[in-house]
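# Structural description and commentary
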Amino acid sequence: MHYAHRYLAEDEELVYATRQHWTELVGEFVLLAVTWTVAGALLWAVPSGEDWGRVAVYAVLGLALAASLWLWLIPLLQWRGTVYVLTTKRIYKRSGFLTKTGRSIPLVRVNDVSFRATLWERILREGTLTIQSASEQGMLTLRHVPDPEGFKGRIYQAADAEQAHQGGVTPPVR
């Protein structure tokens, strides 16, 4: 994924990068459809022959556009701004649209990686990863991760390789 390369340090290589699962946006899409359905019904109900009818049409369209921006476009941009990156040295989470936040955990400090997926999330192949580390911050939670079991496996492989590199031994095969 081309967007992840800008987050790499000079001594790192990209192992895996992903965004949140697309189902994160389903609720926002439903709100967008409801907004425009209501706007269409209001436009249909406004009498066209009245003087105030033209003002009402512009008001309905303006409110529907503002609601679309607030309920759909802003969450879409926030979704696009959330990135989960696994490199040869660390796990990195970056999120935000206007205000960016980032958090990383060095792979040598990873103690445990667990995932949780409800039945519905398993059907959609998404879930939540919780990464526990030996640092002051302690835990990193990645929500709506596509294929959480696969990502967990990649984290363990990268952590084993990095810890073996640090210790000068061959990494075990998992």
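Attention here is on the structure that accompanies the text. (Residues numbered from 1 in each chain as written. Predicted model: local features only at pLDDT ≥ 70, side-chain atom pairs only at ≥ 80, totals over all residues. Heavy atoms only, no water.)

This part takes up the overall build of the protein chain. Helix and strand counts for the protein chain come out as four helices and seven strands. The secondary structure elements of the protein chain, listed N-terminal to C-terminal, are β-α-α-β-β-β-β-α-β-β-α. Taking 174 residues into account, the globule formula puts the C-alpha radius of gyration at 16 Å, and the protein chain, at 23 Å, lies well above it. C-alpha atoms of the protein chain, sized along the principal axes, occupy 85 × 35 × 30 Å. Per-residue burial for the protein chain yields a buried fraction of 36% across its 174 residues. Across the protein chain, contacts joining residues at least 24 apart in sequence account for 49% of those joining residues at least 6 apart. A gap of 1 Å separates the mean positions of the 18 positive and 16 negative side-chain charges of the protein chain. (Helix = DSSP H or I, 4+ residues; strand = E, 2+ residues; numbered from the N terminus. Rg over C-alpha atoms; globule rule 2.2 N^0.38 Å. Buried < 20%, exposed > 50% of the residue type's maximum accessible area, 1.4 Å probe, protein only. Contact = heavy atoms within 4.5 Å. Lys, Arg positive; Asp, Glu negative; His and termini not counted. Charge placed at Lys NZ, Arg CZ, Asp CG, Glu CD.)

Taken together, the four strands give an open sheet; going across it, the order is E1-E2-E3-E4, and neighbouring strands pair in antiparallel fashion. Both edges of this open sheet fall to strand E1 (14-19) and strand E4 (101-106), since each of them pairs with a single strand only. When the angles between neighbouring strand axes are averaged without regard to direction, this sheet yields 10°. Where E1 meets strand E2 (residues 83-87), five bridges bridge the pair, whose relative direction is antiparallel. The residue of E2 that forms the bridge with tyrosine 16 is leucine 86. Across the face of the sheet, helix H4 (residues 148-167) comes into contact with E1, E2 and strand E3 (90-95) while running at roughly 35° to E2. (Pairing = 2+ DSSP bridges. Axes fitted to C-alpha atoms, helices over the stretch in contact; angles between N-to-C directions.)

Here we take up the side chain of threonine 23. If you trace the backbone, threonine 23 turns up in the loop between E1 and helix H1 (26-45). When sequence neighbours within four positions are dropped, the list of residues in contact with threonine 23 reads Leu124 and Glu126.

Moving on to H4. Its 20 residues place the ends of H4 28 Å apart at the C-alpha level, agreeing with the 28 Å of an ideal helix rising 1.5 Å per residue. Turning to H4, its buried residues are Pro148, Phe151, Ile155, Tyr156, Ala158, Ala159, Asp160, Glu162 and Ala164. Looking at the packing, one finds that the buried side of H4 touches E1, E2, E3, strand E5 (110-116), strand E6 (126-133) and strand E7 (139-146). (Expected span 1.5 Å × (residues − 1).)

Here we take up the pattern of salt bridges. One pass over the full model with this rule turns up three salt bridges. Two residues, lysine 89 and glutamate 162, come together in a salt bridge whose shortest N-O distance is 3.7 Å. Taken together, the positions of lysine 89 in the loop between E2 and E3 and glutamate 162 in helix H4 put the pair 73 residues apart, joining distant regions of the chain. The shortest N-O distance in the salt bridge between aspartate 147 and arginine 125 comes to 3.7 Å. Residue aspartate 147 is located in the loop between E7 and H4, and its partner arginine 125 is located in the loop between helix H3 (119-124) and E6; the two are separated by 22 residues in the primary sequence. The exposure class assigned to aspartate 147 is partly exposed, which follows from its relative accessible area of 26%. The class of arginine 125 is exposed, set by a relative accessible area of 52%. (Salt bridge = Lys/Arg side-chain N within 4 Å of Asp/Glu carboxyl O.)

Function cannot be inferred from these measures alone, as they are strictly geometric.
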